[in-house]
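A structural walkthrough
One-letter residues, chain by chain:
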There are 2 protein chains.
Amino acid sequence: MVVGSIPVWESDGITKILLCRRAIEPRYGYWTLPAGFMENKETTGEAASRETDEEAGADIQRHALFAILNVPHVHQVHLFYRATLLNLNYAAGTESLEVKLFTEQEIPWEDIAFPTVSETLRLFFADHARVKAGGSYQVHEHDITRPMRSSE
Amino acid sequence: MVVGSIPVWESDGITKILLCRRAIEPRYGYWTLPAGFMENKETTGEAASRETDEEAGADIQRHALFAILNVPHVHQVHLFYRATLLNLNYAAGTESLEVKLFTEQEIPWEDIAFPTVSETLRLFFADHARVKAGGSYQVHEHDITRPMRSSE
Ligand SMILES: [Zn+2]
Ligand SMILES: [Zn+2]
């Protein structure tokens, strides 16, 4: 299982999300939310915080589970937690080329590493707009099916 | 990851849950919700339905994810989905000695196979009471830590 966080920075009414540009394959050079495989004897929440520290050097306060995404054709389940970024002392870890905050408009949608990450970002900004209008965050469960290729 | 369902049967205002008595170790003879390990190329939801069919021969309509329970000292994560039992044609599969419906009062709390199952049942009946009072089901995330033994 892959577990990660959505580190949110709110300042002057502007919402930004912390993304990492991958320094490793697969998808070297593409942007992702901090996430990785669970290790022994940790909970899913602990794994999300550990990966956020390792890949983005980021201090977060972790909130509720936000998304569970099944990717059955690669035998994976990805979980993402909402999180508050506590300060701006983040720094790229060894698996990241750079780490940077993005508004919704600035997100490099064409250069996101994995479909689970773009889906989670889309769901997050949609919920965030509803929360601003008085709603609340949901837990989202979606299946990511194999993209159709013209050659298939 | 272990995935299962909470098969709910509602009739005449009485709510019952379908449990299976285990025909396999560990915890032979103890009661559990239908659940098991994910297999290749299925989603968490598909795994929950498959295990419910295999262990309880039960036809369900699967609803939202209800509980995610971390059991870090055995490196496990358990997910349970709420489900509606569609008919009474259930029957013990090869891994079950018997399959039976229980009201909250009838649940054999002392003979439940795993702490994740008793926790899920407790959370379900608590939410169910809130739903009857106009509330809604939540998604619950809890960590099950190693029980303290007097010998430890
Ligand atoms: Zn959703
Ligand atoms: Zn809870």
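The rules we used
Residue positions are given per chain, counted from 1 along the sequence in the order it is written. Note on labels: chains are lettered from A, ligands numbered from 1, in written order. Local features are withheld for residues below a pLDDT of 70 in this predicted model, meaning they are given only at 70 or higher, and side-chain atom pairs are given and counted only at 80 or more; totals for whole chains, interfaces and linings count all residues. Excluded from the side-chain calculation are hydrogens and water; included are all heavy atoms of the structure. UniProt positions are given in the numbering used here, feature names are shortened, and annotations may be inferred rather than shown by experiment. Any nitrogen, oxygen or sulfur atom within 2.8 Å of a metal ion counts as a donor, with the limit raised to 3.2 Å for Na, K and Ca, and since water is left out, coordination shells can look unfinished. Type-normalised accessible area, obtained with a 1.4 Å probe on protein chains alone, sets the label of each residue: buried when under 20%, exposed when over 50%, and partly exposed for intermediate values. Helix and strand assignments come from DSSP, with helices taken as H or I runs of at least 4 residues and strands as E runs of at least 2, each series counted from the N terminus. Given a helix with a known number of residues, its expected span is that number minus one, times 1.5 Å. Whether two residues are in contact is decided by their heavy atoms, any of which lying within 4.5 Å being enough. The quantity reported as buried area is the accessible area (1.4 Å probe) lost by two parts once they are put together, taken as the sum for both. Salt-bridge detection follows one rule: a side-chain nitrogen of Lys or Arg within 4 Å of a carboxyl oxygen of Asp or Glu. Whenever a nitrogen or oxygen atom comes within 3.5 Å of another N or O atom, the pair is scored as a polar contact, on the condition that within protein one atom can donate a hydrogen and the other can accept it, and that pairs from neighbouring residues in sequence are kept only if both atoms are in side chains. Copies are brought into register by a least-squares superposition over C-alpha atoms of residues with pLDDT of at least 70 in both. Pairing of aromatic rings covers Phe, Tyr and the six-membered ring of Trp, with a centre-to-centre limit of 6.5 Å; geometry is then stacked below 30 degrees between planes, edge-to-face above 60, and tilted otherwise.

- Looking at an unreviewed UniProt entry, chain A carries the name ADP-ribose pyrophosphatase, with the source organism given as Undibacterium squillarum.
- Listed under Cofactor (unreviewed entry) in UniProt, the entry text for chain A is "Mg(2+)".

1. What about the coordination of the zinc ion (ligand 2)?
- Only His140 of chain B (ND1) and His142 of chain B (NE2) from the protein reach the zinc ion (ligand 2) as donors, at distances of 2.1 to 2.3 Å.
- The exposure class assigned to His140 of chain B is buried, which follows from its relative accessible area of 11%.

2. Quick look at the UniProt feature "domain: Nudix hydrolase" (unreviewed entry) in chain A
- In the numbering used here, UniProt assigns the "domain: Nudix hydrolase" (unreviewed entry) feature to residues 1–125 of chain A.
- Taken end to end, residues 1–125 of chain A has its terminal C-alpha atoms 24 Å apart, with 19% of it in helix and 42% in strand.

3. Section: helix α2 (residues 115–132) of chain A
Residues and elements named next belong to chain A.
- Over its 18 residues, α2 extends 26 Å from the first C-alpha to the last, a length consistent with the 26 Å expected when each residue adds 1.5 Å.
- Residues of α2 that are buried include every one of Thr116, Val117, Ser118, Glu119, Thr120, Leu121, Leu123, Phe124, Phe125, Asp127 and His128, and no others.
- Looking at the buried side of α2, the elements it contacts are β1 (2–11), β2 (14–22), β3 (31–32), β5 (60–71), β6 (76–85) and β8 (140–143).
- Remark: Gly134 follows α2 within two positions and exhibits a positive phi of approximately 105°.

4. Examining the interface of chain A and chain B
- The interface of chain A with chain B comprises 21 residues on the first partner and 21 residues on the second.
- Considering only the side of chain A, the residues that lose the most area to chain B are Lys41, Thr43 and His75 of chain A, jointly responsible for 29% of the buried surface there.
- Counting every contact that joins chain A to chain B gives zero salt bridges.
- Between chain A and chain B we count eight residue pairs in polar contact (both at pLDDT 80 or more) in total.
- Elements that contribute at least two residues to the side of chain A that touches chain B include exactly α1 (44–56), β5, β6 and β8 of chain A.

5. Some details on the relation of the copies chain A and chain B
- Its rotation angle being 180°, the transformation that places chain A on chain B also includes 0.0 Å of axial translation and leaves an RMSD of 0.0 Å. Taken together, these values place the two copies in the relation of a two-fold axis. Residues of chain A ranked by C-alpha distance from the rotation axis are headed by Val139 of chain A, positioned 3.6 Å from it.
- Both copies contact each other with a shared surface, as 100% of the interface residues of chain A are interface residues in chain B too.

6. Considering the packing of aromatic side chains
- Scanning the model with the defined rule gives ten aromatic pairs over all chains in all.
- Taking 6.1 Å as the distance between ring centres and 70° as the angle between the ring planes, the aromatic pair formed by Phe66 of chain B and Phe124 of chain B counts as edge-to-face. Of this pair, Phe66 of chain B sits in strand β5 (residues 60–71) while Phe124 of chain B is found in helix α2 (residues 115–132), placing the two residues 58 residues apart along the sequence.
- Phe124 of chain B gets classed as buried once you look at its relative accessible area, which sits at 1%.
- Pairing Phe66 of chain B with Tyr137 of chain B gives two aromatic rings, centres 6.3 Å apart and planes at 80°, and the pair type is edge-to-face. Of this pair, Phe66 of chain B sits in strand β5 while Tyr137 of chain B sits in the loop between α2 and β8 (140–143), and the two are 71 residues apart along the sequence.
- By relative accessible area, Phe66 of chain B is classed as buried at 0%.
- By the ring-pair criterion, three or more aromatic residues cluster together here, those being Phe66, Phe124, Phe125 and Tyr137 of chain A.

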